[in-house]
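Notes for the structure review
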Amino acid sequence: MLLPLKIQFDMIIYPFIAGFIIGIFFDIYRIIRGKERIKIISILQDVLFWILCSIIVFIFLLKFNYGFLNLYVYVFILLGMGIYFIFLSKKLLKFESLLIRKLLKIIRVIFKNLIYIFKSIFIK
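The rules behind each value
Residues numbered from 1 in each chain as written. Predicted model: local features only at pLDDT ≥ 70, side-chain atom pairs only at ≥ 80, totals over all residues. Heavy atoms only, no water. Patch = residues over 30% accessible without salt bridge, like charges linked within 9 Å, V, L, I, M, F, W, Y side chains within 5 Å. Areas by Shrake-Rupley, 256 points an atom, 1.4 Å probe, with all protein chains shown as cover. Salt bridge = Lys/Arg side-chain N within 4 Å of Asp/Glu carboxyl O. Lys, Arg positive; Asp, Glu negative; His and termini not counted. Charge placed at Lys NZ, Arg CZ, Asp CG, Glu CD. Helix = DSSP H or I, 4+ residues; strand = E, 2+ residues; numbered from the N terminus. Buried < 20%, exposed > 50% of the residue type's maximum accessible area, 1.4 Å probe, protein only. Expected span 1.5 Å × (residues − 1). Contact = heavy atoms within 4.5 Å. UniProt positions renumbered as here; feature names shortened; annotations may be inferred. Phe/Tyr/Trp six-rings, centres within 6.5 Å; stacked < 30°, edge-to-face > 60°.

A cluster of basic residues, Arg101, Lys102, Lys105, Arg108 and Lys112, forms a positive patch on the protein surface. Within the secondary structure layout, Arg108 lies in helix H3 (residues 71-122). Residue Arg108 is classed as partly exposed on the basis of its relative accessible area of 46%.

In structure tokens, the structure reads:
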């Protein structure tokens, strides 16, 4: 039985988008992880990251791709990841790194101000 053209298009475009999303998540993961010195912790983090990514992609494809998992789905996921890493990874890695640094700085300032307020109220 042939599938309608819209479903066929969805079965191509959503795995591509899922691969793109995996690439973005991987860049964020690389920034957060940094240069880990302990090998076993690094391996454990990698395994947990890929388990989380596989769950996210499975839910994404189940929602948008009707749950079809064929060879071409994996091919388009890899194609989406490849295109992301070739064309956008370096630019977005710099932007994501800057964004994470700024967010951490804002959180640190808010935390220090809250500590100061609590110290001034409770410690006299």
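Now that the structure has been shown, the text picks up again.
We now examine helix H2 (residues 39-64). The end-to-end C-alpha separation of H2 is 37 Å, in line with the 38 Å expected for 26 residues at 1.5 Å each. The set of residues buried in H2 consists of Ser42, Phe49, Cys53, Val57, Phe60 and Leu61. Looking at the buried side of H2, the elements it contacts are helix H1 (5-33) and H3. Two residues or fewer after H2 comes Tyr66, characterised by a positive phi angle close to 60 degrees.

To continue, consider the pattern of salt bridges. The final tally for this structure, using the stated rule, is three salt bridges. When the shortest N-O distance is used, the salt bridge between Arg30 and Asp27 registers 2.7 Å. Of the two residues, Arg30 and Asp27 are both situated in helix H1; the distance of three residues between them amounts to about one turn of the helix. Note that Asp46 is salt-bridged to Arg33, the shortest N-O span being 2.6 Å. Of this pair, Asp46 sits in helix H2 while Arg33 is found in helix H1, placing the two residues 13 residues apart along the sequence.

To continue, consider the UniProt feature "transmembrane region" (unreviewed entry) in the protein. UniProt feature "transmembrane region" (unreviewed entry): in the numbering of this structure it lies at residues 12-31, 43-62 and 68-87. Helix makes up 100% of residues 12-31 and strand 0%, whereas the separation of the span's terminal C-alpha atoms amounts to 30 Å. Annotated as residues 68-87, this span is 85% helix and 0% strand, and its ends, taken at the C-alpha atoms, are 28 Å apart.

Taken together, the side chains of Phe95, Leu99, Leu103, Ile106, Ile110, Leu114, Tyr116, Ile117, Phe118, Ile121, Phe122 and Ile123 make up a nonpolar region of the molecular surface, amounting to roughly 1300 Å² of accessible area. Counting through the fold element by element, Leu103 comes out in helix H3. According to the relative accessible area criterion, Leu103 is partly exposed, its value standing at 46%.

Turning our eyes to something else, we now look at the packing of aromatic side chains. Applying the stated rule across the entire model yields 13 aromatic pairs. Arranged with centres 5.8 Å apart and planes meeting at 55 degrees, the rings of Phe26 and Phe49 form a pair that is tilted. In this pair, Phe26 sits in helix H1 while Phe49 sits in helix H2, placing the two residues 23 residues apart along the sequence. By relative accessible area, Phe26 is classed as partly exposed at 22%.

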